[in-house]
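Commentary on secondary and tertiary structure
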There are 6 protein chains.
Amino acid sequence: MRPSGRNLSELRPISIETGVTKHAEGSCLIKMGDTHVLCTATIEDRPPSFLKGTGLGWVTAEYGMLPRATNTRNRREAATGKQGGRTVEIQRLIGRALRAGVDRVALGERQIVVDCDVIQADGGTRCASITGGWVALRLAVNKLMKAGVCTSDPLLDHVAAISCGIYAGQPVCDLDYAEDSEAGTDGNFIMTGAGKLIEVQMSAEGATFSRGQMNELLDLAEAGVAELVKAQKAATE
Amino acid sequence: MRPSGRNLSELRPISIETGVTKHAEGSCLIKMGDTHVLCTATIEDRPPSFLKGTGLGWVTAEYGMLPRATNTRNRREAATGKQGGRTVEIQRLIGRALRAGVDRVALGERQIVVDCDVIQADGGTRCASITGGWVALRLAVNKLMKAGVCTSDPLLDHVAAISCGIYAGQPVCDLDYAEDSEAGTDGNFIMTGAGKLIEVQMSAEGATFSRGQMNELLDLAEAGVAELVKAQKAATE
Amino acid sequence: MRPSGRNLSELRPISIETGVTKHAEGSCLIKMGDTHVLCTATIEDRPPSFLKGTGLGWVTAEYGMLPRATNTRNRREAATGKQGGRTVEIQRLIGRALRAGVDRVALGERQIVVDCDVIQADGGTRCASITGGWVALRLAVNKLMKAGVCTSDPLLDHVAAISCGIYAGQPVCDLDYAEDSEAGTDGNFIMTGAGKLIEVQMSAEGATFSRGQMNELLDLAEAGVAELVKAQKAATE
Amino acid sequence: MRPSGRNLSELRPISIETGVTKHAEGSCLIKMGDTHVLCTATIEDRPPSFLKGTGLGWVTAEYGMLPRATNTRNRREAATGKQGGRTVEIQRLIGRALRAGVDRVALGERQIVVDCDVIQADGGTRCASITGGWVALRLAVNKLMKAGVCTSDPLLDHVAAISCGIYAGQPVCDLDYAEDSEAGTDGNFIMTGAGKLIEVQMSAEGATFSRGQMNELLDLAEAGVAELVKAQKAATE
Amino acid sequence: MRPSGRNLSELRPISIETGVTKHAEGSCLIKMGDTHVLCTATIEDRPPSFLKGTGLGWVTAEYGMLPRATNTRNRREAATGKQGGRTVEIQRLIGRALRAGVDRVALGERQIVVDCDVIQADGGTRCASITGGWVALRLAVNKLMKAGVCTSDPLLDHVAAISCGIYAGQPVCDLDYAEDSEAGTDGNFIMTGAGKLIEVQMSAEGATFSRGQMNELLDLAEAGVAELVKAQKAATE
Amino acid sequence: MRPSGRNLSELRPISIETGVTKHAEGSCLIKMGDTHVLCTATIEDRPPSFLKGTGLGWVTAEYGMLPRATNTRNRREAATGKQGGRTVEIQRLIGRALRAGVDRVALGERQIVVDCDVIQADGGTRCASITGGWVALRLAVNKLMKAGVCTSDPLLDHVAAISCGIYAGQPVCDLDYAEDSEAGTDGNFIMTGAGKLIEVQMSAEGATFSRGQMNELLDLAEAGVAELVKAQKAATE
C-alpha cells in the first residue's frame with residue numbers, strides 16, 4: 001500500500017497553469033500533487049559564445065529551490081556562495097533533456113534559458129521541472145514562430161519525465177517524498193511524446209537491482225509519461 | 001497623471017493570501033498590483049550564536065528574486081557566487097524593520113527566519129516584503145502561542161511599509177515600476193500599526209528635495225500604511 | 001549629559017588635511033574627533049561600460065576599514081573573501097550622495113572613484129566619508145578644470161553628512177561611538193551646501209520614533225551640515 | 001569499424017597496478033587503453049558528522065583531472081575557485097557506486113575517501129575511476145581487516161563500471177574518446193561482481209533511443225563488467 | 001647616479017611615529033621616504049587552534065595596500081574576492097620574519113596579529129612592514145610585560161629588513177620604486193639586531209647574478225639594517 | 001648522520017622519464033627519491049593580454065598536489081575554493097625561475113604553461129618542479145624549433161633547483177621530508193647550467209643563521225645543481 005493510497009501505476013494529480021508571470025516569454029506553474037515548480041522560459045537574442053557563427057541555437061536550464069520549499073529550511077544557495085552538487089546535477093539534466101527535443105538549426109542562433117524554481121517540494125522536483133520546463137519552452141517558441149523569427153518549428157516532439165521506483169518491494173510510478181526517501185531503487189525516465197527514450201537514470205542507494213525490475217519500471221514510466229504528455233497538450237494547445 | 005491612472009494617494013490593489021505552502025510555520029503570497037512576493041517564516045529552536053544564554057530571541061530576513069521576476073532576466077545570485085549589494089541592503093532592512101515590532105524577551109531564545117522571494121516584480125518589492133513578511137511572522141508566532149511555547153505575545157504591533165515619491169512633480173503613494181524608474185526623489189517608510197515611524201529612507205538619485213516635500217510624502221505614507229495594516233488584519237484575524 | 005561633555009548641538013572638533021598622499025588626484029584626511037578617514041579621488045579616463053557613448057560621467061565610491069580601526073580587531077574583508085553587508089551598504093550610500101552634487105554632463109565620459117578608508121573609528125564613519133570624500137572629489141575636479149578637460153564646473157554644490165540621534169532621551173548632533181551604541185533612534189542626513197536634502201536615513205533598532213522627534217533631528221542636522229560645509233570651504237579654497 | 005579496430009564487444013587493454021604511492025592505505029593506477037587514473041583510498045578514523053553515534057561508516061569519492069590530461073589544456077579547478085558541474089556530478093556518482101558494495105555496519109564509524117585523479121584521458125574516465133577506485137578501497141579495507149579493526153568484511157561484492165553506446169549505428173563496448181565524442185546515445189553501467197545493477201545512466205545528447213537498443217547495450221555491459229571484475233580479482237588476490 | 005641622488009649605501013629618511021591609533025595594543029606609522037606603512041599589533045587571548053594546549057604562542061601578520069597607495073589605482077582585494085598572490089606571499093614573509101625574533105614559550109598561549117597597511121607606496125613596502133611591524137609588536141609586548149602577563153621578555157632581539165639590488169650596474173641599498181622597477185637583481189634581507197640572518201630572498205627577474213654580487217648586497221644590507229635597528233630603538237626606548 | 005644514510009652532499013637518486021603523457025607538447029615524470037612530480041608543458045598560441053603587440057612571449061607555471069601525495073590527506077584545493085598561500089607562492093617561484101632562462105623575444109608572442117603536479121611528496125617538491133618543469137619546457141620548445149616556429153633557441157640555459165639546509169647542526173644537500181621538517185635553516189637555490197644564481201631563498205623558521213653557514217649551503221647547492229643539470233641533459237639530448 002502506498003502512503004498516499006494511490007495504485008501502483010497511479011500518478012499524482014497533475015495541474016499545469018500557463019502564463020503565470022507577465023514578464024517571461026513562456027511560463028507555467030506545474031503541480032504534481034504537492035510538488036509545485038514555477039517554470040519560465042527567456043529568449044535571448046545571442047547564443048552562448050561557443051556557438052557564435054555556427055547557425056545553431058541552444059537551450060539551457062537553471063534550477064533552484066526556495067529556502068522553505070522543504071520540510072526543514074535549506075540555506076539559500078546565493079548566501080552559501082555556490083550552487084550545491086545536487087543543484088548542478090539537476091540543472092544539467094534538465095538542459096540535456098530539453099535539448100533532445102529541439103531542432104537547433106530551426107531555432108537559429110539564439111538561446112532559450114528555462115528557469116525551474118521549486119516553490120514547494122514533495123518528491124520528483126527534477127521530473128516536474130522537465131515536464132513543466134518543456135511547456136514554458138513550447139510557449140516561448142510559439143512566440144518566435146508567431147513573430148516569424150522561426151519559420152519551421154524548432155520543437156521536434158514533447159519531452160516529459162517521471163520517476164519510478166521499488167517501494168516496499170513493489171514497482172510504483174511517480175514517487176512522492178514519503179516513497180522516495182524509503183525506496184532502495186529508483187529512476188528518472190525522460191521520454192519523448194513518441195515514446196522514445198532520452199535519458200534513463202536508475203540508481204540504487206546502498207542496494208542493487210535486476211534487469212527484470214528495470215523492465216517493470218520502464219513499463220510504468222512509459223505509461224506515466226504518456227499521461228504527462230496529454231497534460232502538456234491540454235495546457236499548450 | 002499616473003501611468004496606471006491611479007489618484008496620487010491611491011495604492012495598488014492589495015491581496016494577501018495566507019497558508020500558501022504546506023511546510024512553513026507561517027506563509028503568505030502578497031500582491032501589490034503586479035508585484036508578487038512569497039513570504040515564509042521558519043521557526044528555529046536555536047538563536048544565533050551571539051544570543052546564546054541571553055534569554056533573547058531574534059528575527060532575521062532573507063530576500064531573493066526569481067531570475068525572470070523582472071522584465072529582462074537577472075542572473076541567478078547562486079550562480080554568480082554571491083548576493084549582490086542591493087539584495088544585502090534589502091534583507092538587512094527587512095530584518096531591522098520586523099525586529100522593531102518584536103518583544104525579544106517574550107520570543108525567548110529562538111530565531112524566526114523570514115524569507116521573502118519575489119515571484120514577479122513591478123516596483124516596491126522591499127516594502128511588499130516587509131508588509132507580507134510581517135504576516136508570515138504573525139502566523140508563525142501564533143503557532144508558538146497556541147503551543148504554549150510563548151506565553152505573552154512577542155509581537156508588539158503591526159509593521160508595514162510603503163514607498164512614496166515625487167513623480168512628474170507631484171507626490172504619489174505606492175510607486176510602481178514605471179513611476180519608480182522616473183522618480184528623482186523617493187522614499188521607503190516603515191511604520192507600526194499605531195503610526196509610529198520605524199525607518200525612513202529618502203533618497204534623491206541625482207537630485208535634491210526640501211523638507212516641505214518630505215512632509216508631503218510622510219503624509220501620504222501614513223495613510224498608505226494604515227491601509228496596509230487593515231489588509232494585514234484581514235489576512236490574519 | 002553627553003559622554004564627551006559636548007552640548008546637544010555641538011559637533012566634534014573637525015580637521016580636514018588635504019594633499020595627504022602623493023599619488024591621488026585628490027586626497028584628504030578628515031578627522032571628526034577620534035574618527036579618522038583617509039579619502040582619495042582617482043580620475044579614470046573611461047566611464048563604466050554602461051555609460052559608453054552617452055556623454056555622461058560617473059562618480060562611485062568604495063569604503064574600507066583597517067582591521068584595527070576599531071576597539072576589537074575586525075577580520076580583513078580581503079581575507080574573508082567578500083565585502084560584508086555593512087560595507088556594501090555604506091559605499092553605495094557614499095556614491096549616491098556624491099553623485100547628487102555632480103553635473104554628469106559637465107564631467108563628461110570619465111569616472112572618478114572615491115576611496116574612503118577608515119584609519120580609526122569612533123562613530124559616524126560613513127558621514128565623515130561623505131564629507132571628506134567630497135573634498136577629495138573637489139580637489140580632483142579642480143585638476144580637471146585647471147587642465148581644461150572640463151570647461152564648466154561638474155560640481156553643483158557641496159555635499160556633506162552628519163548623524164543625529166536620540167541619546168538618553170535627548171536629540172544630539174554628531175554621535176560618537178559611545179552615543180551611537182546606546183541610541184535607539186538615529187539617522188544620517190546628507191545635504192547640499194544650499195541646505196537641500198539628498199538622503200535621509202532614519203532608523204530605530206528595536207524602537208520607534210515620532211514625526212516630532214524626526215523634525216528635531218532634522219533641525220540639528222541642518223545646523224551641523226552648515227558647519228561641515230564651512231570646514232570643506234576652508235580646506236578647498 | 002571502430003577507430004581503434006576493436007570488435008564491437010572488445011574492451012581496451014586493462015592494466016591495474018597496485019601500491020603505486022607509499023602514503024595511501026590503498027592505491028592503484030588503472031589504465032583502460034590511454035585512459036589512466038590514479039586511485040587512492042584514505043582511511044579516516046572519524047565518520048562524517050551526520051553519522052556520529054550511528055555505528056555506520058561512509059565511503060565517499062573525489063574526482064580530479066590534471067590540467068593537461070586532455071588534448072587541450074583545461075583550467076585548473078583550484079584556480080577557477082570551484083569544482084565544475086561535470087566534476088561534481090562524477091564524484092557523486094563514484095561515491096554512490098562504491099557505497100552500493102559496502103556493508104556500512106561492518107565498516108563501523110569511520111570514513112574511507114577514494115580520490116580518483118585522471119593523469120591522462122581518452123574517454124571513460126568515470127568508469128575507470130569506479131573500477132580502479134574499488135581496487136584502492138579493497139586494499140585499504142584489507143588493512144583494516146588485517147589489523148582486526150573490522151572483523152567481518154565490509155565489502156559485499158566487487159563494483160565495476162563500463163560505458164557502452166551506439167557508435168556509427170552499432171552498439172559498442174568501452175568507448176574511447178574518438179567514439180564517445182561521436183556517439184549520439186551512450187550509457188554508463190555500474191554492476192556488482194554477481195552481475196546485479198547498481199546504476200544505469202543512459203543519455204542521448206540531441207537524440208533518442210529505443211528499449212531494444214537499451215537492451216543491446218546492457219548485454220554488452222554485462223560481459224564487459226565481468227571482464228573488469230576478473231582484472232580486479234587478479235590485482236587484489 | 002641614483003634617481004634620488006642618494007649615495008649607493010644611503011637609506012631614505014626614516015621616520016617611526018608610535019601610538020598612532022588609540023585602539024591597538026601597539027602601533028606605529030613607519031616612513032621610509034615616500035613609503036608609508038601603518039602597523040598595528042593586536043593581542044588575542046587565544047592562540048590559533050593548532051597550538052591549543054601546547055603552551056606556545058604565535059605571531060602572525062596580515063598585509064594590505066590602500067587602493068590608491070600606488071601611482072595607478074589598484075582594485076580593492078575585498079572587492080575582487082580574494083587576496084592576490086603577492087599579498088599572500090608578503091604577509092607570510094612578515095609573519096615568519098617576526099616569529100624568528102620571538103620566544104614562543106615566554107609569549108605563552110596567545111596570539112599577536114600584526115597588521116601592516118600601506119598608506120603610500122614607493123618601493124620596499126614589505127621591508128618597511130617588517131621593520132615597523134616589529135615596533136608595533138614591541139609596544140604590544142611591553143603592555144603584556146607591564147601587566148605581568150609575561151614575566152620574561154618574549155622578544156629575543158630586533159627584527160628589521162632592507163632591500164638591496166643591482167641598479168644601473170651598481171649595488172644600491174634601500175631601493176625606491178624608480179630603482180626597483182629597473183633593477184634586474186634585487187633581494188630582501190631580514191636580520192636581527194645582532195646581525196644574524198633570518199631570511200634572504202634574492203631574485204633576478206629575467207636575469208642572473210653571481211656570488212660576488214650577492215656578497216656585495218649582503219654587505220650593504222648589514223649596514224642598512226643596523227641603521228634601521230637604531231631607529232627602532234629610538235622609537236621604542 | 002642523515003635519516004636516509006646519505007652523505008652530507010649526496011643527492012637522492014634522480015630519475016627523469018620524458019614523454020609520459022600523450023597530449024602535452026612536453027612532459028616528464030621527475031623523481032627525486034620518493035618525491036615524484038609530473039610536469040607538462042602546454043604551448044598556447046596567444047600570449048597573456050598584457051603582452052599583446054609587444055613581440056614578447058611568456059612562460060608561466062601552475063603547481064598542484066594530489067590529495068594523498070602526503071602522509072595525511074590534504075583537502076583538494078578545488079574543493080576548498082581557492083589555492084592556498086603555499087601553492088600560490090610556489091607556482092610564482094617556478095614561473096619566475098623558468099623565465100630567467102628564457103629569451104622572450106626568441107619565443108615570440110606565445111605562452112607556455114608548465115604544470116607541475118606532485119604525485120607523491122617527500123620534501124623538495126618545489127625544487128623538483130623547477131628541475132622537471134625545465135625538462136618539459138625544453139621538450140615543448142624543441143617542437144617549436146623543429147616546426148620552424150622559433151628560429152633561434154628561446155632557452156638560454158638550463159634552470160634547476162635544489163634545497164639545502166642545516167640539519168642536526170650540519171649542512172646537507174637535497175633535504176627529504178624527515179630532514180626538512182627538522183631543519184631550522186634551509187634554502188632553495190635556483191641556478192643556471194653555467195652556475196649563475198637566479199633565485200636564493202633562505203629562511204630560518206624560528207631561528208637565525210650566519211653568512212658562513214650561508215656560504216656552506218651555497219657550495220653544496222652549486223655541486224647539487226650541477227648534477228641535476230647533467231640529469232636534464234641525459235633526459236633531453
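Residues numbered from 1 in each chain as written. Chains lettered and ligands numbered in written order. Predicted model: local features only at pLDDT ≥ 70, side-chain atom pairs only at ≥ 80, totals over all residues. Heavy atoms only, no water.

**Looking at the overall build of chain A**
Stated precisely, the cut-off is as follows: Runs of E in the DSSP output that reach at least two residues are strands. Runs of H or I that reach at least four are helices, and both are numbered from the N terminus. For the radius of gyration, the atom set is restricted to C-alpha positions; the globular benchmark scales as 2.2 Å times the number of residues to the power 0.38. When accessible area is computed with a 1.4 Å probe and restricted to protein chains, residues below 20% of their type maximum are described as buried, those above 50% as exposed, and intermediate ones as partly exposed. By the convention used here, residues are in contact when the closest approach between their heavy atoms is within 4.5 Å. Here the accessible surface of atoms and residues is derived via Shrake-Rupley with a 1.4 Å probe, and residues count as covered only by protein chains that are part of the display. When charges are counted, neither His nor the chain ends are considered; positive counts come from Lys and Arg and negative counts from Asp and Glu. By convention, the charge on Lys lies at NZ, on Arg at CZ, on Asp at CG and on Glu at CD.
For chain A, the count of helices and strands is 6 helices and 9 strands. The C-alpha atoms of chain A give 18 Å as radius of gyration, which agrees with the globular expectation for 237 residues (18 Å, within 12%). Summarising its shape, the C-alpha atoms of chain A cover approximately 50 × 40 × 30 Å along the three principal directions. Residues counted as buried form 60% of the 237 residues belonging to chain A. Sequence separation of 24 or more characterises 70% of the internal contacts of chain A that already satisfy a separation of 6 or more. Split by element, the accessible area of chain A, about 8800 Å² in all, is 47% carbon and sulfur. The average position of the 26 basic charges and that of the 29 acidic charges among the side chains of chain A differ by 6 Å.

**What to know about the UniProt feature "domain: Exoribonuclease phosphorolytic" (unreviewed entry) in chain A**
Residue and element names in this part refer to chain A. To keep it simple, the criterion reads: UniProt positions are given in the numbering used here, feature names are shortened, and annotations may be inferred rather than shown by experiment.
Residues annotated in UniProt with the feature "domain: Exoribonuclease phosphorolytic" (unreviewed entry) correspond here to residues 10-140 and 159-223. Across residues 10-140, the secondary structure splits into 30% helix and 31% strand, with the terminal C-alpha atoms separated by 31 Å. Its end C-alpha atoms 14 Å apart, residues 159-223 is made of 26% helix and 45% strand.

**Considerations on the interface of chain C and chain B**
So the rule is basically this: Accessible-area loss on putting two parts together, using a 1.4 Å probe and summing over both, is the definition of buried area adopted here. Any carboxyl oxygen of Asp or Glu within 4 Å of a side-chain nitrogen of Lys or Arg constitutes a salt bridge here.
Counting residues at the interface gives 31 residues for chain C and 31 residues for chain B. When the two sides are added together, the surface that chain C and chain B hide from each other amounts to roughly 2900 Å², 48% of it contributed by carbon and sulfur. The largest share of the area that chain C buries against chain B comes from E89(C), L197(C) and R211(C), three residues that together contribute 23% of it. Here chain C and chain B share 6 salt bridges between them.

**Digging into the sheet that holds strand β1 (residues 14-18) of chain D**
Residue and element names in this part refer to chain D. The following threshold applies: Here, strands pair whenever DSSP counts at least two bridges between them. Axis lines are fitted through C-alpha atoms, for helices just across the contact stretch, and the angle between N-to-C directions can take any value from 0 to 180 degrees.
Taken in spatial order, the 5 strands line up as β1-β2-β3-β5-β4 in an open sheet, and their pairing is mixed. At either margin of the open sheet sits one strand with a lone partner, and together these are β1 and β4 (58-65). Direction aside, neighbouring strands of the sheet carry axes that sit 20° apart on average. Across the face of the sheet, helix α2 (residues 85-99) comes into contact with β4 and β5 (111-120) while running at roughly 145° to β4. Sheet contacts for helix α4 (residues 125-146): β1, β2 (26-32), β3 (35-44), β4 and β5; angle to β3, the most-contacted strand, approximately 35°.

**Let's talk about the UniProt feature "binding site: phosphate" (unreviewed entry) in chain A**
All names here are of chain A. The UniProt feature table records "binding site: phosphate" (unreviewed entry) at R86, G124, T125 and R126. Look at the named residues: they lie 41 residues apart in sequence, but the longest C-alpha span between them is just 13.3 Å, so in the fold they bunch up. Note that G124 resides in the loop between β5 (111-120) and α4 (125-146). The residues contacting G124, other than those within four sequence positions of it, are R12, T35 and L175. With respect to the helices, strands and loops of the structure, T125 is situated in helix α4. Here T125 falls in the buried class, since its relative accessible area comes to 6%. If we skip the residues at most four places from it in the chain, T125 touches T35, V37, Y63, M65, R86 and V118.

**Considerations on the interface of chain A and chain B**
The following threshold applies: N or O atoms within 3.5 Å of each other form a polar contact, as long as, within protein, one can give a hydrogen and the other can take it, and as long as residues adjacent in sequence are counted only when both atoms are side-chain atoms. Charged residues are taken to be Asp, Glu, Lys and Arg, nonpolar residues to be Ala, Val, Leu, Ile, Met, Phe, Trp, Tyr, Cys and Pro, and polar residues to be all remaining types, Gly included.
Every contact between the two is made by 37 residues of chain A and, on the other side, 37 residues of chain B. Its largest share of buried area at the contact with chain B, chain A owes to H23(A), R68(A) and R76(A), together 26% of the area lost on that side. The tally of links from chain A across to chain B stands at 16 salt bridges. Across the salt bridge formed by R73(A) and D115(B), the nearest N and O atoms sit 2.6 Å from each other. Across the contact surface, chain A and chain B share 24 residue pairs in polar contact (both at pLDDT 80 or more). Within the residue set of the side of chain A that touches chain B, elements represented by two or more residues are β3 (35-44), β4 (58-65), α1 (77-80) and β5 of chain A. Tallied by class, residues from the side of chain A that touches chain B come to 14 nonpolar, 10 polar and 13 charged.

**Some details on the arrangement of the chains**
Separating chain A from chain E is a minimum C-alpha gap of 11 Å, and the two share no contact. Where chain A comes nearest to chain F, the C-alpha atoms are still 10 Å apart, and the two do not contact one another.

**So, the pairing of strand β8 (residues 185-192) of chain D**
In terms of burial, β8(D) is a largely internal element, 7 of the 8 residues being buried. The hairpin formed by β8(D) and strand β9 (residues 197-204) of chain D contains 4 residues between the paired strands, and G195(D) there has a positive phi angle of roughly 85°.

**Structural notes on the packing of aromatic side chains**
Selection rule: The pairing test for Phe, Tyr and Trp rings, Trp by its six-membered ring, is centres within 6.5 Å, and the orientation test on the planes gives stacked under 30 degrees, edge-to-face over 60, and tilted for anything in between.
Within the structure shown, the criterion is met by 6 aromatic pairs over all chains. Measuring from ring centre to ring centre gives 5.2 Å for F50(A) and W58(A), while their planes differ by 85°; the resulting arrangement is edge-to-face.

**A look at the side chain of Q201(A)**
Of note, Q201(A) is situated in strand β9 (residues 197-204). Using a relative accessible area of 15% as the deciding quantity, one classes Q201(A) as buried. A polar atom in the side chain of Q201(A) sits 3.4 Å from the side chain of E199(A). Those residues in contact with Q201(A), other than ones at most four positions away along the chain, are L93(A), R96(A), R126(A), D186(A), G187(A), N188(A), V200(D) and Q201(D).

**As for the sheet that holds strand β1 (residues 14-18) of chain B**
All names here are of chain B. Pairing within the open sheet is mixed, and its 5 strands lie in the order β1-β2-β3-β5-β4. For this open sheet the edge positions go to β1 and β4 (58-65), each flanked by a neighbour on one side alone. Going across the sheet, the axis of each strand differs from the next one's by a mean of 20°, ignoring polarity. Summarising the sheet, strand β2 (residues 26-32) and strand β3 (residues 35-44) pair through 7 bridges and their orientation is antiparallel. Bridge pairing in β3 links G26 to A41. Relative to β4, helix α2 (residues 85-99) is tilted by about 145°, and along the sheet it contacts β4 and β5 (111-120). Packing against the sheet, helix α6 (residues 211-236) makes contact with β1 and β2, and its axis sits at approximately 25° to β1.

**Concerning the pattern of salt bridges**
Under the counting rule described, the total for this entry stands at 113 salt bridges over all chains. Residue D176(D) pairs with R6(D) through a salt bridge whose shortest N-O separation is 3.4 Å. On the criterion of sequence distance, the pair formed by D176(D) in the loop between β7 (170-173) and α5 (177-180) and R6(D) in the segment before β1 is long-range, its members being 170 residues apart. Judged on exposure class, the residue D176(D) and its partner R6(D) are both buried. A salt bridge links D153(F) to R138(F), with the nearest nitrogen and oxygen atoms 3.1 Å apart. Residue D153(F) is found in the loop between α4 (125-146) and β6 (159-167), and its partner R138(F) is found in helix α4; the two are separated by 15 residues along the sequence.

**Topic: a positive patch on the surface**
Just so we agree on the cut-off: Each patch is built from residues that are more than 30% exposed by relative accessible area and take part in no salt bridge. Like charges join if they lie within 9 Å; nonpolar side chains (Val, Leu, Ile, Met, Phe, Trp, Tyr) join within 5 Å.
Residues R75(A), K82(B), K82(C) and R75(E) make up a contiguous surface patch of positive charge. On the secondary structure map, R75(E) appears in the loop between β4 (58-65) and α1 (77-80).

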